[in-house]
Amino acid sequence: MNVLLAPPMRELDLDVAGSDPLDAARDAPRLPALNRAGDTTGLDRLARSWTDRVPSRVHDAVTAGAALRDLGFVLASLERHGVDYRSVPGAEETLLRLGALTDEVPRDSVYTYALRNPENAVRSFTELPEEALFIREVRTAGTALRPAVDALLEALAVPVDDPALAELLDEATRGFSVFAQSLLSVKRNITPETFSGELRPYFPPMTVGGQVLYAPGGAQMTPLLVDIVLIRPEPGDPQEEWYEQYLRENVPYLPAAYRAAGERARRHRPLLPRLVDEAVRHSPGHGTVARTLTGLRALMRELLRFRLPHLRLAKANMNIRPDGSLGSGGYTTDSLDHLAELTLARGRLLSGAPTGDTTRR
C-alpha cells in the first residue's frame, strides 16, 4: 500500500494559505490598483518592503511558501510592467533562499497562485472577476485531483483481476471528472481576449540564479503525475524522447512529495498498457477483469474530456497572440498536441482490449 499523499499535501497547502509572515494581507489588496495604473514606483516600494521582512520572519517551509506566494505576485507585477524584478535589492537572493526552504522552485507556481492562496484574503493581479474565477477553478481542480493521484499510485502494483482495482479507478475517475469540469468552466467564462490580453501578461518567465523559471501554468499541475502513472510512453515508443524532455522541464515544478512519487511510479510499467496486456491473458468475460477495463475506459474518457478542450482553449488563445508566443509554462501548443496524441493512442490501445461483460457493478 502506498503512503497517501493527499492528506499531507492538503495540510501543507492549508498551512501555507493561512500563513502571512510578510503581513502581505494588509497591502495585497492594493496590487490590482497599482497594476491597473502601471505604478511601478508603488510596486517597487511594496516589493522592497516585503523582501526586507523575509530574513527576520521566514524560517521554515510553511512561512517560506507563503513568502514565495506574496513576493511572486508583486515581483511578477513588476516584470509585467517592464521592470526587471532583480532591480529590487536582495530579491533574487531571497527567492533562492525561499526555494531552498520549501524544496520547490524559487518563484511563484500554480500551487502558490491557487491552492495556497487564502480564500478569505485572496491575492490577485487584477480586479477582474475572470481572475477570481480562474483562481477558484484551479484550486478546485487541484484539490480534486489529489485523491485521484493517490488511487492511481496505489493501482500501479495491483493486478488486473484484483477486485480492489475497479474502486481505485473509480476514485481516480471521480477526481478527474471534477478537474475536467473546472477547465470547462474556465473555457466557458474567460474569453481568449481576456485571458491573453489581461491575465497572461502577469505570468512572465523570470531568471532566478541563472535559470529561466516559468510562471504558474497547467504543465505544473498533477495531471503531469497522472500521465506518468497511467499513459507515459514506454521504451521504443516514438514519443519517448519528446516525453522525457517534457518531464525534465516540468517535474521540477511539482512539490517535493509529488516529485518523489513520480520517481517511484517510473519503476513500474505505466498502468494502462500493463493492464491491457494482463487482460489479454485472461479468458473473455472474466467479470473482475471486465470491471477493471470498464473503469479504465471511464477514466480515459475523463482524461480526454480535459485534454481535448484544453488543447482547443490553448489554440484559441495562441491564435490572437503574436507569432512565436509561449504559454505561461514556456510552451507553444505543440506540447499539448503531443499529449493529446499520446492520450488518443493509449485510448486506441484500450479499445482493442477484450471487452467481456462490461456491465457496471
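- Identification of the protein as Monodechloroaminopyrrolnitrin synthase PrnB family protein from Streptomyces rochei is taken from an unreviewed UniProt entry.

**Let's talk about the overall build of the protein**
Moving on, step 1. A tally of helices and strands in the protein yields 16 helices and two strands.
Moving on, step 2. Each of the 361 residues in the protein was classed as buried or not, and the buried ones make up 55%.
Moving on, step 3. Pairs at least 24 residues apart make up 81% of the contacts formed inside the protein by residues separated by at least 6 positions.
Moving on, step 4. Looking at the protein as shown, the accessible area adds up to about 15,000 Å², and 53% of this sits on carbon and sulfur atoms.

**Let's talk about the nonpolar core**
Moving on, step 1. Val-74, Leu-75 and Leu-230 are the most contacted members of the largest nonpolar core, which has 102 residues in total.
Moving on, step 2. At twelve residues, helix α8 (residues 129-155) tops the list of elements feeding residues into this core.
Moving on, step 3. Excluding residues that lie within four positions of it along the chain, Leu-230 makes contacts with Pro-270, Leu-271, Leu-272, Pro-273, Leu-296, Leu-299, Met-300 and Leu-303.

**Re the packing of helix α5 (residues 61-80) against helix α6 (residues 91-102)**
Moving on, step 1. Relative to each other, α5 and α6 sit at 145 degrees, their axes nearing to 8 Å. α6 is crossed by α5, and the crossing has left-handed handedness. Contacts from Ala-61, Ala-64, Gly-65, Ala-67, Leu-68, Leu-71 and Leu-75 in α5 reach Ala-91, Thr-94, Leu-95, Leu-98, Gly-99, Leu-101 and Thr-102 in α6.
Moving on, step 2. By residue class, the composition of the contact of α5 with α6 is ten nonpolar, four polar and no charged.

**Comments concerning empty space enclosed by the protein**
Moving on, step 1. According to the stated counting rule, one finds four cavities of 30 Å³ or more in the structure shown.
Moving on, step 2. Roughly 70 Å³ of internal volume is contained in the second largest cavity.
Moving on, step 3. Of all the secondary-structure elements, those providing two or more residues to the lining of the second largest cavity are α1 (6-17), α7 (110-115) and α8.
Moving on, step 4. With three residues, α7 is the single largest residue contributor to the lining of the second largest cavity.
Moving on, step 5. When the residues that make up the lining of the second largest cavity are grouped by side-chain class, the tally is six nonpolar, two polar and two charged.

**Digging into the layout of surface pockets**
Moving on, step 1. Size it by volume and the largest pocket reaches roughly 160 Å³.
Moving on, step 2. In terms of lining residues, the largest pocket is bounded by Pro-32, Asn-35, Arg-36, Arg-80, His-81, Phe-125, Thr-126, Glu-127, Leu-128, Glu-198 and Tyr-202.
Moving on, step 3. Top element by residues in the lining of the largest pocket is helix α3 (residues 31-37). It accounts for three residues.
Moving on, step 4. Here the residues of the lining of the largest pocket sort into four nonpolar, three polar and four charged.

**Digging into unusual backbone geometry**
Moving on, step 1. If you check the backbone angles, Asp-23 has positive phi at about 55 degrees while not being a glycine.
Moving on, step 2. Among the secondary structure elements, Asp-23 is positioned in the loop between α1 and α2 (24-27).
Moving on, step 3. Under the relative-accessibility criterion, Asp-23 is labelled partly exposed at 31%.

**Digging into the pattern of salt bridges**
Side chains that differ in sign of charge can pair as their charged atoms come close.
Moving on, step 1. One pass over the structure, following the stated rule, counts 22 salt bridges.
Moving on, step 2. Of the charged contacts in the structure, one is a salt bridge between Arg-48 and Asp-44, with a shortest N-O distance of 2.6 Å. With a gap of four residues between them, Arg-48 and Asp-44 both fall in helix α4 (residues 40-57), about one helical turn apart.
Moving on, step 3. With a shortest N-O distance of 3.0 Å, Glu-104 and Arg-116 are connected by a salt bridge. Of this pair, Glu-104 sits in the loop between α6 and α7 while Arg-116 is found in the loop between α7 and α8, placing the two residues twelve residues apart along the sequence. Pair check on accessibility: Glu-104 and Arg-116 agree, each one buried.
Moving on, step 4. By sharing partners, the salt bridges in this structure join Asp-13, Glu-104, Arg-116 and Arg-146 into a single network.

About the thresholds
- Residues numbered from 1 in each chain as written.
- Predicted model: local features only at pLDDT ≥ 70, side-chain atom pairs only at ≥ 80, totals over all residues.
- Heavy atoms only, no water.
- Helix = DSSP H or I, 4+ residues; strand = E, 2+ residues; numbered from the N terminus.
- Buried < 20%, exposed > 50% of the residue type's maximum accessible area, 1.4 Å probe, protein only.
- Contact = heavy atoms within 4.5 Å.
- Areas by Shrake-Rupley, 256 points an atom, 1.4 Å probe, with all protein chains shown as cover.
- Core = buried A, V, L, I, M, F, W, Y, C linked by side-chain atoms within 4.5 Å.
- Axes fitted to C-alpha atoms, helices over the stretch in contact; angles between N-to-C directions.
- Left-handed = near helix turned anticlockwise from the far one by under 90°.
- Nonpolar A, V, L, I, M, F, W, Y, C, P; charged D, E, K, R; others polar.
- 1 Å grid on protein atoms, 1.4 Å probe; cavity = no way out; pocket = protein on both sides within 12 Å on 5 of 7 lines; lining within 4 Å.
- Points joined across faces, edges and corners; volume = space filled by probe spheres on them.
- Salt bridge = Lys/Arg side-chain N within 4 Å of Asp/Glu carboxyl O.

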